[in-house]
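Listed here are the chains, written in short residue letters.
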Amino acid sequence: LKKKKKIKKNSNFFNFLVILDIVKDISLKQIKLVEKLIHDYKNINIIIKVHPTNNMMHLLKKNLINKCTLLPLENLLKDVDMVLTSNITSANVETSFLNIPTYCYNQPTSLNLCPILDKNIINFFSYYSQLKKIIEQKKYLKKNKMKNNFLLLNNSNAKWKKILK
């Protein structure tokens, strides 16, 4: 995977990838967020990545079906400015590693199961009003701060040495 170089900061129009969850109920909540975004913002090109094991296209309204895709994630990440995911997907790791601003939907009453809990890397929200604020303040222009060695084990960590023995 190649790191994303930079976002076009002068453009008022941006590409927003929504990665639906494997869990149907969470995906339906993500879809409601997308419907509100479409209603409130005309400068957002939304692409909806349907989870390969949870094809929900039959549940979508007609105006959303043409925004959906089953293409592999790696094909979609090339030209996106912002990604919205749920909190239980490894896609968060991919998008963060590529320096794509990633916003993770975490249901207010649920445990956060995101593989990355560092708020300098992933931005969390629970309500549409929070997502709207992110967009209006152009926080999607903020780069993630994931270090290149994030996924590597620390060989000098005594706890790891003990576990690996």
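All of the points below concern the structure found in this document. This is a predicted model, so every value here is computed, not measured.

### Looking at the pattern of salt bridges
Stage number 1. Evaluation of the coordinates by the stated rule reveals one salt bridge.
Stage number 2. K132 serves as the salt-bridge partner of D40, at 3.8 Å between the closest nitrogen and oxygen. Of the two residues, D40 is situated in helix 1 (residues 24-40) and K132 in helix 5 (residues 128-136); the sequence distance between them amounts to 92 residues.
Stage number 3. Overall, the relative accessible area of 33% leaves D40 in the partly exposed class.
Stage number 4. On the accessibility criterion, K132 (29% relative accessible area) is partly exposed.

### Brief notes about the environment of I38
Stage number 1. With respect to the secondary-structure elements, I38 resides in helix 1.
Stage number 2. Of the residues examined, I38 reaches a relative accessible area of 22% and is grouped as partly exposed.
Stage number 3. I38 sits 25 residues away from N63 along the chain, and the two C-alpha atoms are 9.6 Å apart.
Stage number 4. If we skip the residues at most four places from it in the chain, I38 touches I46, L64 and K67.

Analysis parameters
- Residues numbered from 1 in each chain as written.
- Predicted model: local features only at pLDDT ≥ 70, side-chain atom pairs only at ≥ 80, totals over all residues.
- Heavy atoms only, no water.
- Salt bridge = Lys/Arg side-chain N within 4 Å of Asp/Glu carboxyl O.
- Helix = DSSP H or I, 4+ residues; strand = E, 2+ residues; numbered from the N terminus.
- Buried < 20%, exposed > 50% of the residue type's maximum accessible area, 1.4 Å probe, protein only.
- Contact = heavy atoms within 4.5 Å.

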